[in-house]
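A look at the structure
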Number of protein chains: 2
Amino acid sequence: MYRTKTCGELRIENVGEEVTLAGWVQRTRKMGGMTFIDLRDRYGITQIVFNNEIDAGLCERANHLGREYVIQVVGKVAERSNKNANLPTGDIEIIAGKLNVLNKSDVPPFTIEDNTDGGDDLRMEYRYLDLRRACVRKNLELRHRIAQEIRRYLDDRGFLEVETPLLIGSTPEGARDFVVPSRMNPGQFYALPQSPQLYKQLLMVAGFDRYFQIAKCLRDEDLRADRQPEFTQIDCEMSFVEQEDVLQMFEGLVKTIFKNVRGVDFNYDFPRITWADAMKYYGSDKPDIRFGMKFVELKDLTEGKNFGVFDNAEFVVAINAEGCANYSRKQLDELTELVKRPQVGAKGLVWVKFEADGSIKSTVGKFYSDDDLRKWGERCNAKAGDMLLILAGKTMPTRKAMNELRLAMGERLGLRKKNDYKPIWVIDFPMFEWDEETQRFYAMHHPFTKPKDEDIPILNSDTGAVRANAYDMVMNGVELGGGSIRIHDPKLQDKMFELLGFTEERAQEQFGFLMKAFKFGAPPHAGLAFGFDRFVSMVAELDSIRDTIAFPKNNSGRDMMTGAPAELDPSQLEELYINVDKARIEKDKK
Amino acid sequence: MYRTKTCGELRIENVGEEVTLAGWVQRTRKMGGMTFIDLRDRYGITQIVFNNEIDAGLCERANHLGREYVIQVVGKVAERSNKNANLPTGDIEIIAGKLNVLNKSDVPPFTIEDNTDGGDDLRMEYRYLDLRRACVRKNLELRHRIAQEIRRYLDDRGFLEVETPLLIGSTPEGARDFVVPSRMNPGQFYALPQSPQLYKQLLMVAGFDRYFQIAKCLRDEDLRADRQPEFTQIDCEMSFVEQEDVLQMFEGLVKTIFKNVRGVDFNYDFPRITWADAMKYYGSDKPDIRFGMKFVELKDLTEGKNFGVFDNAEFVVAINAEGCANYSRKQLDELTELVKRPQVGAKGLVWVKFEADGSIKSTVGKFYSDDDLRKWGERCNAKAGDMLLILAGKTMPTRKAMNELRLAMGERLGLRKKNDYKPIWVIDFPMFEWDEETQRFYAMHHPFTKPKDEDIPILNSDTGAVRANAYDMVMNGVELGGGSIRIHDPKLQDKMFELLGFTEERAQEQFGFLMKAFKFGAPPHAGLAFGFDRFVSMVAELDSIRDTIAFPKNNSGRDMMTGAPAELDPSQLEELYINVDKARIEKDKK
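The model shown is predicted, which means the values in this text are computed figures rather than measured ones.

A separate point is the sheet that holds strand β12 (residues 296-297) of chain B. Residues and elements named next belong to chain B. The strand order β12-β13-β16-β14-β15 describes an open sheet built from five strands, whose pairing is antiparallel. If you trace the sheet from one side to the other, it starts and ends with β12 and β15 (360-362), each paired once. Alignment of strand β14 (residues 350-354) against strand β16 (residues 387-393), held across four bridges, turns out to be antiparallel. Following the sheet pairing, V350 is matched in β16 by I390.

In structure tokens form, the structure reads like this:
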């Protein structure tokens, strides 16, 4: 060992001890005849003192240490005269007796401080230096802690951690697979798993009863902000359970993690909302319930007053922004701009101010009397000083636009505090989504999700209205995880494939082994998966999942540190019997 | 919940309780007016009784249940008249009141019993049925248990579990990488990691101090018996440590796992042997020390008696097979055949029998007097009744042949019991291996291993004799894990690349990011990795790692259950800008 203590553990009671520390030079200061060094390791920072009067040679050597040099120091623990209350080790310092330079360092390209001067790209290129910063390292320490707590919780409840394969078959349904050419089987390819879905269901068929895995998943998607080509999933499956059992089990998991890791005590049952209500009241299947401002539908109250926009709209919806009657022209213009952005897509914004003095002002005052507007206000529970914000149009797009407006208002009013955790289960998702482009239904969760028993009779007659036994856990407007009861009846599974437009041949080709397995006594089973990166970023109050990952990739899927991906050695391609179509690459670039 | 109890938990004290069980029909027997069903789940087997006199309809339905049907039974726990001492639930049975068939099953292609009638290929094709067998499932339960214990041990000691990326850069040095074409960067490829080696060293540069990961690794090698294209590694790295610290830490890990999981208490320090001594006394860097029969070198005693084979040999070596003087002609022929097999490669076998009556018999009796042979016997500590087995030839090949012979003798004499665990550290490995074919040195561990300080002066002058700070943990002749002290001095690393025949350009291309990282204050660091699959198979007393893996691949890297790998949809290849060279595949097939 190069040390007897770490840089984080010495306290006033250690005064007088002779210790050896090792770490990085965070900072050097000369004051009078003394040189002070902040020595840093993963565990903390300890001040080292070199006294010119006692050992001028040693002090001179200390003066030549650069930032990020790796050194070993032998010395005596002493009480500090000017204590530093911000540091756990701030009561003591080490009077250095020996100094050993273990490694030098070039001057780092940015400062190793929480407030660094390094830009994003530079920090990613030198990620190993970025990771030295306490604020970055802390996120990964938290990730470790959460992973251990998750395993303990699930292990205590009889879940078995089983590793499923990385080299699997490709299933073109859904997102794009990363593929891996097989040298031993020329012309054939493996795929990397987008999730262990099929394998975890097979483990239930195998009678494993309770399975989990903290599993790497890979998806070759175009990387929007905050997506990574590889991500980690807390993947779980249980047999002989109903929806209630699954919700209880994983609500318990989330409560335990937040309590043990964050000290947040959810001493209540998580609320539940159907997907239909989530859309009705929040315009989103990921409702942020840290604040109210629920949607209120006004169509019936707005009709017949010759306001064409509302009269011609399928749907009119309001939120009540409490205390916002004093919003200025400029603020209202900002909101109007927001809802008109192409991503939001509303045509315009109607507002009604219930002023403190009892008067009413509105963009639509010339169409509606104060009495009319007062009725709207009553339905919205608006008081004097409040303001209604109203959108109109087709139902679903208008709900989605209003969701954006509601979230923006929540933000402006400071109602979306990161450390105010508000979980909610969204249940009863629709089974199918209709796709206009391909003119077919897609499974909203996946093709193995079981429809609600009471909706099975309408599978053919009213396919779009069928609800699934599917559930998401949402927190603060973010989907933490989701899952479903699975189909265990092979006949119902066949039916689903048919409704999803699979030919028998294609179903067989892609999922044949699963359908075969289901013929040998599949138990009723259900599961859930959390996005682990997102879970950590939620607990850590981060904006991005990238900050929870040790070596993330950038938006083109490139590792800025190693430069991967890169061209291969021609001999590697030859062994794989594949050619890169360089001509087409060049052509398509133009 | 489909059950109130599992099939493994009911005991005599539950008699009288009404319970609901769910599981698979293991077996049905009719006796008199009764039908008995063994109901199975992951937790055990419980006997269910249907009485024809009480409820003929129910009993009739029970009679129609097939093997592996999934059923739910409601009934009362009763004491059994003929108890089954082999089952934890053998004191009780369930008097069935209700029966619910949850799923039917086709007749499984093999019996779900420890002694199944299913062959290897069939069991792999229906792996989900194979996994229902208790003897197979037990291995995976053990794997789970060991994984949790490992994490607990390392977590308790401050190790952080960090996930390193799966999509990395390709490094043609060493074994073959699996590669992954990047759609977003056409013509470029990722590689899948053969180990997290570079990333764990970067984490040390990042000051993470103690890292571990139970990591999937992938290697595109031709699969000899008991290799898998993907395998799992317990991967660890520590900073500011010396070799002794690493050995202590991971010896502690192994002791803890064996104690907590197997009840095996290693209450002693693991012995250590240098690589040179392991070769000298066992002819192997993986010595099986469950038994003696150490090598004894005899060259000096055999010279000058006109026995050309020994006189012309560089090396003559014996083992003493205790009590084997009574070996028959046939047994000796078998041993001779063994050493002459091409994989072993000896020219022949010399034996000397010290008979119980004091007489001496030998294949070389006409060249050597009894006195000569007695001297050999003395050096080998042979007693009356023992037999020397002697090989001669070039030193290293002869040692390797003698290793095979020694292991075979240990096997014959019953000295290699699976549950007799004998660990040993092999240390001081050579730094380099000379390759005749390419006429260059290769790193025996890897290019980042630190040579022993005292051998650094001879790096240039006597490269082949340089020893490394590298160590392996060996148990019962199997390498469980290994590691090394790493180089943290960028100049020494440059020197190593030079000795390994890397041009500066190639070193830069492949390891440039690591060499750059090392310029910013790399701490002294060291690590170790265990083969997790092998670790589990050792604890479980298995012959093959395949039995520790839920979904293994066969020797052509194929998943017999899903059929992967397979040809891709042409559109997938098109998006990746790659073509399969089918013409060359066809040509090379011929």
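Any aromatic ring pair is given by two values, namely how distant the centres are and how the planes are angled relative to each other. Enumeration according to the criterion identifies 56 aromatic pairs over all chains in this entry. Judged by centre distance (6.2 Å) and plane angle (35°), the ring pair of F258 of chain A and F535 of chain A falls under tilted. In this pair, F258 of chain A is assigned in helix α6 (residues 243-262) and F535 of chain A in helix α15 (residues 532-539), connecting sequence segments 277 residues apart. By relative accessible area, F535 of chain A is classed as buried at 0%. Ring centres 6.2 Å apart and planes at 65° place the aromatic pair F250 of chain B and F530 of chain B in the edge-to-face group. Within this pair, whereas F250 of chain B is found in helix α6 (residues 243-262), its partner F530 of chain B is found in strand β22 (residues 525-531), the two being separated by 280 residues in sequence. Of the two residues, F250 of chain B and F530 of chain B, neither departs from the other in class, the shared state being buried.

Once that is clear, we can look at the relation of the copies chain A and chain B. Between the two copies, chain A and chain B, the superposition gives an RMSD of 0.0 Å; the rotation angle is 180° and the shift along the axis is 0.0 Å. Put plainly, the chains are arranged around a two-fold axis. Mapped onto chain B, 100% of the interface residues of chain A are again interface residues, and the two copies thus contact each other with one and the same surface.

Another point: the pattern of salt bridges. Working definition: two side chains of opposite charge can pair if their charged atoms are close together. Residues and elements named next belong to chain B. Applying the stated criterion across every chain, the model contains 118 salt bridges over all chains. Between R374 and D371 there is a salt bridge, and its shortest N-O distance comes to 3.0 Å. Within this pair, R374 and its partner D371 are both found in helix α11 (residues 370-379), separated by three residues, close to a single helical turn.

Look at the link from A564 of chain A to P565 of chain A: it is a cis peptide, with omega at 0°. Mapped onto the elements of the fold, P565 of chain A is located in the loop between α15 and α16 (570-576). Of note, F240 of chain A is a non-glycine position whose phi angle comes to about 60°, a positive value. Looking at where F240 of chain A falls in the secondary structure, it is placed in the loop between β10 (230-239) and α6. One non-glycine residue with positive phi stands out, namely N476 of chain B, at about 50°. Here N476 of chain B lies in the loop between β20 (470-475) and β21 (478-485). Relative accessible area serves as the criterion here: at 6%, N476 of chain B is assigned to the buried category.

The subject of this paragraph is the interface of chain A and chain B. Interface size is commonly expressed as the accessible area that is lost once the parts come together. Taken together, the contacts link 129 residues of chain A with 129 residues of chain B. Together, the buried faces of chain A and chain B total about 11,600 Å²; carbon and sulfur atoms form 58% of this surface. When the area that chain A buries against chain B is broken down by residue, the three leading residues are F240, F520 and Y577 of chain A, summing to 7%. For the interface between chain A and chain B, the tally reads 16 salt bridges. D209 of chain A is the partner of R3 of chain B in a salt bridge, and the nearest nitrogen-oxygen pair spans 2.8 Å. Joining chain A to chain B, the criterion identifies 84 residue pairs in polar contact (both at pLDDT 80 or more). A total of ten residues in the side of chain A that touches chain B trace back to one element, the largest contributor, which is helix α4 (residues 134-156) of chain A. Its residues assigned to classes, the side of chain A that touches chain B comprises 67 nonpolar, 24 polar and 38 charged.

With that out of the way, let us pick up the side chain of N185 of chain B. Relative to the assigned elements, N185 of chain B resides in the loop between β7 (179-181) and β8 (189-191). Apart from the residues within four sequence positions on either side, N185 of chain B is in contact with S556, R558 and P565 of chain A together with Y190 of chain B.

The packing of two helices is summarised by the inter-axis angle and the distance between the axes. Packing of α4 of chain A against helix α4 (residues 134-156) of chain B leaves a shortest axis separation of 11 Å and a crossing angle of 140°. One finds that α4 of chain A runs oblique with respect to α4 of chain B. In this structure, α4 of chain A meets α4 of chain B at a crossing whose hand is left-handed. Of α4 of chain B, the residues touching α4 of chain A (which contributes H144, R145, Q148, R151, R152 and D155 of chain A) are H144, R145, Q148, R151, R152 and D155 of chain B.

Here the focus is the pairing of strand β16 (residues 387-393) of chain A. Residue and element names in this part refer to chain A. Across the seven residues of β16, five count as buried, placing the element largely inside the fold. Bridge analysis of strand β13 (residues 315-321) against β16 gives seven bridges, and the strand direction is antiparallel. Within β16, the position partnered with A318 by the bridge is I390.

Here chain A shows a mean pLDDT of 95. Residues at 70 or above account for 99%. Predicted complex metrics record ipTM = 0.95 and pTM = 0.96.

The next point concerns the environment of L253 of chain A. All names here are of chain A. For L253, the location among the structural elements is in helix α6. Residues L253 and R151, 102 residues apart in the sequence, show an inter-C-alpha distance of 9.9 Å. Once you skip the residues sitting within four places of it in the chain, L253 turns out to touch I150, Y153 and F530.

Looking now at empty space enclosed by the protein. Applying the stated criterion across every chain yields a total of twelve cavities of 30 Å³ or more. Estimates place the volume of the largest cavity at around 580 Å³. Lining the largest cavity are 39 residues; nearest its centre among them are I214, A215 and K216 of chain A together with I214 and K216 of chain B. For the lining of the largest cavity, the secondary-structure elements that each account for two or more residues are α4 and β9 (210-218) of chain A together with α4 and β9 (210-218) of chain B. The dominant element in the lining of the largest cavity, judged by the number of residues it contributes, is β9 of chain B, at five residues. Partitioning the lining of the largest cavity into residue classes produces 20 nonpolar, nine polar and ten charged.

Conventions adopted
Residues numbered from 1 in each chain as written. Chains lettered and ligands numbered in written order. Predicted model: local features only at pLDDT ≥ 70, side-chain atom pairs only at ≥ 80, totals over all residues. Heavy atoms only, no water. Pairing = 2+ DSSP bridges. Helix = DSSP H or I, 4+ residues; strand = E, 2+ residues; numbered from the N terminus. Phe/Tyr/Trp six-rings, centres within 6.5 Å; stacked < 30°, edge-to-face > 60°. Buried < 20%, exposed > 50% of the residue type's maximum accessible area, 1.4 Å probe, protein only. Least-squares fit on C-alpha atoms with pLDDT ≥ 70 in both. Contact = heavy atoms within 4.5 Å. Salt bridge = Lys/Arg side-chain N within 4 Å of Asp/Glu carboxyl O. Buried area = accessible area lost by both parts, 1.4 Å probe. Polar contact = N/O pair within 3.5 Å; in protein donor to acceptor, adjacent residues only side chain to side chain. Nonpolar A, V, L, I, M, F, W, Y, C, P; charged D, E, K, R; others polar. Axes fitted to C-alpha atoms, helices over the stretch in contact; angles between N-to-C directions. Parallel < 35°, antiparallel > 145°, perpendicular 65-115°, else oblique. Left-handed = near helix turned anticlockwise from the far one by under 90°. pLDDT = per-residue confidence, 0-100. 1 Å grid on protein atoms, 1.4 Å probe; cavity = no way out; pocket = protein on both sides within 12 Å on 5 of 7 lines; lining within 4 Å. Points joined across faces, edges and corners; volume = space filled by probe spheres on them.

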